[in-house]
Each structure stands twice: as C-alpha cells, then as structure tokens.
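Next come the chains, spelled out residue by residue.
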Amino acid sequence: MRVHIATDHAGYELKEELKSWLKDEGYEVVDHGAFAFDSNDDYPAFCIDCAAGVVEDPGSLGVVIGGSGNGEQMAANLVDGVRAALVWNEEVARLAREHNDANVISLGARQHSVDECKAMLKIFLETEFSGEERHARRITQLSAYEISRNQ
C-alpha cells in the first residue's frame, strides 16, 4: 500500500521518523513535503497536495502532521473525496477507519510521542471500513453534499 505523507515545520522531525518506519513496515511512501525544516513554511499546500495524492491514488491512505494536527486536517478536508480525521488516541484511529472510512489521518506532533503516533498510524492503516449500512449511508450523505456544492 502507498501512504502519502505531508507536514509543516512543526511535524518535520516526526514525518521523517514515520517515513523510515513506514518503509520498514513494507509501505511505499510518497512525500509531499515539507522537504526541509523551515520554521516559516505553511502547511496548506503540503497537506492539500497529500490529500489530492490520496484521491488520485485509489487504495492509498494519507498522513498529515502538524503541531496540533488541526489545521492540517482542515486543509486536507478541502480536497473532494477526502475524509481526514484528527486522531488523538488508538480508539479514535480505529473508529476513523471502521466507521468513517477516513482516508487521511491527521496527527499532532506536539501532542504525542513518536511511539504513540506510530501506534495510532499502525491501527489506522490496518483497520478496514466496516461497511455497515448505517456508516455507509452517512458517508453517502457526505459525498452527496460534496457533489452538490460543486454543481
């Protein structure tokens, strides 16, 4: 599976750590930036590129990282077809995939240790969407709104 990843300066070190770990776990990683530490960089372009990469690459998932993960999630969710979830514990990581079929996880590098981020990301990547009717119905409603606002 391909995993698209992006961050700004606040998550740069975590992104580099996760890239290496993901490769060791057998994932193909597509890095959308930041490509160097720059304390004045801005996350929107990186996260939007990452989210677009996920949409354009069926079967892939994405990871956006920032200090809190809030803005990064907001940027990723601007891309049609993305359901980005701000994740703060393992249960939320599981539910984001199982109930919401999230295709992008947002992590706060200043909120969690590297090991906590790896654990949440592992659960996110390994959990499948349940496909239960009630969850599928809700996702269909979200997609219908997304389509209608673009007409």
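Overview of the structure. (Residues numbered from 1 in each chain as written. Predicted model: local features only at pLDDT ≥ 70, side-chain atom pairs only at ≥ 80, totals over all residues. Heavy atoms only, no water.)

1. Focus: the overall build of the protein chain
Looking only at helices and strands, one finds six helices and five strands in the protein chain. Listing every helix and strand of the protein chain by position from the N terminus yields β-α-β-α-β-α-β-α-β-α-α. Relative to its length of 151 residues, the protein chain is compact, with a C-alpha radius of gyration of 14 Å against a globular reference of 15 Å. Considered along the principal axes of its C-alpha atoms, the protein chain spans approximately 40 × 30 × 25 Å. Among the 151 residues that make up the protein chain, the fraction classed as buried is 46%. Excluding contacts between residues fewer than 6 apart, the proportion of contacts in the protein chain whose partners are at least 24 apart in sequence is 70%. (Helix = DSSP H or I, 4+ residues; strand = E, 2+ residues; numbered from the N terminus. Rg over C-alpha atoms; globule rule 2.2 N^0.38 Å. Buried < 20%, exposed > 50% of the residue type's maximum accessible area, 1.4 Å probe, protein only. Contact = heavy atoms within 4.5 Å.)

2. Comments concerning helix 6 (residues 133-149)
When the terminal C-alpha atoms of helix 6 are compared, their 24 Å separation across 17 residues agrees well with the 24 Å that a helix rising 1.5 Å per residue should span. All of the buried residues along helix 6 are His135, Ile139 and Glu146. For helix 6, the buried positions fall inside an angular range of 30° around the axis, keeping them on one side. Pointing more than 90 degrees away from the buried face of helix 6 are the exposed residues Glu133, Thr140, Gln141, Tyr145 and Ile147. Where the residues of helix 6 are buried, they touch helix 4 (90-98). (Expected span 1.5 Å × (residues − 1). Arc of directions from axis to C-beta.)

3. Re the sheet that holds strand 1 (residues 2-7)
Taken in spatial order, the five strands of this open sheet run 2-1-3-5-4, and their pairing is parallel. Two strands in the sheet have a free side with no partner beyond their single neighbour: strand 2 (28-31) and strand 4 (84-86). Strand-to-strand, the axes of this sheet are offset by a mean angle of 25°, without reference to chain direction. Where strand 3 (residues 61-66) and strand 5 (residues 104-108) come together, five bridges link them in parallel fashion. Its bridge partner lying in strand 5, Ile65 is registered against Leu107. Most of the contacts of helix 1 (residues 12-24) go to strand 1, to which it runs at about 170°, and overall it touches strand 1, strand 2, strand 3 and strand 5. (Pairing = 2+ DSSP bridges. Axes fitted to C-alpha atoms, helices over the stretch in contact; angles between N-to-C directions.)

4. With respect to the packing of aromatic side chains
Under the criterion given, the structure shown has zero aromatic pairs. Taking NZ or CZ as reference, Arg97 lies 5.7 Å from the ring centre of Phe124, over its face. (Phe/Tyr/Trp six-rings, centres within 6.5 Å; stacked < 30°, edge-to-face > 60°. Lys NZ or Arg CZ within 6 Å of the ring centre and 35° of its normal.)

5. Some remarks on the pairing of strand 1
Most of strand 1 is tucked away, with five of its six residues classed as buried. Sheet analysis places strand 1 next to strand 2, joined by four bridges and oriented parallel. Paired with Arg2 across the bridge in strand 2 is Glu28. Here five bridges tie strand 1 to strand 3, and the two strands are oriented parallel to one another. Bridged to His4 within strand 3 is Gly62.

6. Points about the packing of helix 1 against helix 5 (residues 114-126)
Between helix 1 and helix 5, the shortest axis-to-axis distance is 11 Å and the interhelical angle comes to 50°. When the axis of helix 1 is compared with that of helix 5, the two are oblique. In terms of crossing hand, the pair formed by helix 1 and helix 5 is right-handed. On helix 5, the residues touching Leu14, Glu17, Leu18, Trp21 and Leu22 of helix 1 are Val114, Cys117, Lys118, Leu121, Lys122 and Leu125. Among the residues forming the contact of helix 1 with helix 5, the class breakdown is eight nonpolar, no polar and three charged. (Parallel < 35°, antiparallel > 145°, perpendicular 65-115°, else oblique. Left-handed = near helix turned anticlockwise from the far one by under 90°. Nonpolar A, V, L, I, M, F, W, Y, C, P; charged D, E, K, R; others polar.)

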